[in-house]
Structure formats: structure tokens, C-alpha cells
Amino acid sequence: MRQDTIERIRKFSEDRDWDQFHTPANLAKSISIEANELLECFQWSDTDYDLDHVREELADVLVYARNLLDKLQLDEDEIINQKMTKNEQKYPVDKSRGNAKKYDQLL
């Protein structure tokens with residue numbers, strides 16, 4: 001995420017004095033709620049959806065995720081790369097390419 005976008009998200013919450021409500025638990029709940037609203041965009045069709053609505057709900061998820069990163073003082077690149085390293089080990093290309101099975105089901 002670009003730094004100017006991060007600062008805009010932070011300023012939005014600061015201007016409204018919302019940090020007091022941004023506990024890790026509240027932010028995690030909000031991410032889940034917004035992710036479900038995103039899922040609702042695809043409730044009746046995998047192909048017939050309103051892209052503008054999808055964009056709004058996905059943005060909500062990302063904003064709450066950014067707030068949680070700030071609250072826990074986490075670096076998004078660091079935690080993503082740590083997780084990608086684990087995923088690469090769990091899902092080796094030779095066993096998982098073109099295969100949707102969970103890592104413990106790969107032969």
C-alpha cells in the first residue's frame with residue numbers, strides 16, 4: 001500500500017477519534033464482517049456481480065486490515081513474506097501445481 005494511502009487511512013481515524021475503538025479484537029471482527037459483505041457480492045452468482053460494490057467491500061477489508069497492522073505494529077511486507085515462505089514449503093510446485101487439495105492431502 002502506498003504511504004500516502006496509509007496516511008489517509010490513519011488521518012481518517014485520528015480526525016474522528018476512533019482509535020479508542022480500534023482494539024485488535026474489534027478490528028479483527030470488523031475484517032470478518034466486511035469480508036462477509038464482500039462474499040455477499042457473489043452470493044447468487046460467481047460471474048454476475050457488481051464490480052463497484054466488490055471494490056467498496058474489498059476496500060473496507062483492506063482499511064480494517066491496515067488499522068490492525070498499525071494497532072499491532074506489524075509490517076505488512078514482513079508478515080506477508082513470512083507467510084509466503086511457509087506456503088511455499090507447504091505447497092511445493094511439483095505436488096501442488098494445478099491441484100486445489102489442502103497441503104496435508106498432497107501426495
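Residues numbered from 1 in each chain as written. Predicted model: local features only at pLDDT ≥ 70, side-chain atom pairs only at ≥ 80, totals over all residues. Heavy atoms only, no water.

K.L.:
Just checking my understanding: could you explain the packing of helix α1 (residues 3-15) against helix α3 (residues 51-71) for this structure?
P.N.:
Each packed pair of helices is defined by two parameters, the angle between the axes and the distance between the axes. Running from N to C, α1 and α3 point in directions that differ by 85°, and their axes come no closer than 10 Å. Classified by the angle their axes make, α1 and α3 are roughly perpendicular. In contact with Ile6, Ile9, Arg10 and Ser13 of α1, α3 contributes Val63, Arg66, Asn67 and Asp70. Its residues assigned to classes, the contact of α1 with α3 shows 3 nonpolar, 2 polar and 3 charged. (Axes fitted to C-alpha atoms, helices over the stretch in contact; angles between N-to-C directions. Helix = DSSP H or I, 4+ residues; strand = E, 2+ residues; numbered from the N terminus. Parallel < 35°, antiparallel > 145°, perpendicular 65-115°, else oblique. Contact = heavy atoms within 4.5 Å. Nonpolar A, V, L, I, M, F, W, Y, C, P; charged D, E, K, R; others polar.)

K.L.:
Explanation requested: the packing of aromatic side chains in the structure shown.
P.N.:
Any two aromatic rings considered together are summarised by their centre-to-centre distance and by the angle between their planes. The final tally for this structure, using the stated rule, is 3 aromatic pairs. Geometrically, the ring pair formed by Phe12 and Trp18 is edge-to-face, given 5.4 Å between the ring centres and 75° between the ring planes. The class for Phe12 is partly exposed, based on a relative accessible area of 39%. In this structure, Arg16 packs its charged tip against the face of Phe12, placed 3.7 Å from the ring centre. (Phe/Tyr/Trp six-rings, centres within 6.5 Å; stacked < 30°, edge-to-face > 60°. Buried < 20%, exposed > 50% of the residue type's maximum accessible area, 1.4 Å probe, protein only. Lys NZ or Arg CZ within 6 Å of the ring centre and 35° of its normal.)

K.L.:
What is the right way to read helix α4 (residues 76-90) from this model?
P.N.:
An α-helical turn contains 3.6 residues, so a residue and the one three or four places further along point in the same direction. Between its first and last C-alpha atoms α4 spans 21 Å; for 15 residues at 1.5 Å apiece the expected length is 21 Å, and the two agree. The N-capping residue of α4, defined by a side-chain oxygen 3.1 Å from the backbone nitrogen of Asp77, is Asp75. (Expected span 1.5 Å × (residues − 1). Polar contact = N/O pair within 3.5 Å; in protein donor to acceptor, adjacent residues only side chain to side chain.)

K.L.:
Teacher, can you tell me more about the packing of helix α2 (residues 24-40) against α3 here?
P.N.:
Running from N to C, α2 and α3 cross one another at 165°; their axes reach a closest spacing of 9 Å. On the basis of the axis angle, α2 is roughly antiparallel to α3. Viewed along their axes, α2 and α3 form a crossing whose handedness is left-handed. Residues Pro24, Leu27, Ser30, Ile31, Glu34, Ala35, Glu37 and Leu38 of α2 form the contact with α3, whose participating residues are Val54, Glu57, Leu58, Asp60, Val61, Tyr64, Ala65, Asn67, Leu68 and Lys71. Residues that form the contact of α2 with α3 fall into these classes: 11 nonpolar, 2 polar and 5 charged. (Left-handed = near helix turned anticlockwise from the far one by under 90°.)

K.L.:
Teacher, can you tell me more about a positive patch on the surface here?
P.N.:
The grouping of Lys83, Lys86, Lys90 and Lys102 at the surface amounts to a positive patch. Among the secondary structure elements, Lys86 is positioned in helix α4. (Patch = residues over 30% accessible without salt bridge, like charges linked within 9 Å, V, L, I, M, F, W, Y side chains within 5 Å. Areas by Shrake-Rupley, 256 points an atom, 1.4 Å probe, with all protein chains shown as cover. Salt bridge = Lys/Arg side-chain N within 4 Å of Asp/Glu carboxyl O. Lys, Arg positive; Asp, Glu negative; His and termini not counted. Charge placed at Lys NZ, Arg CZ, Asp CG, Glu CD.)

K.L.:
Please clarify how the environment of Phe12 should be interpreted in this entry.
P.N.:
The residue Phe12 is located in helix α1 in this model. For the pair Phe12 and Asp46, spaced 34 residues apart in the sequence, the C-alpha separation amounts to 33 Å.

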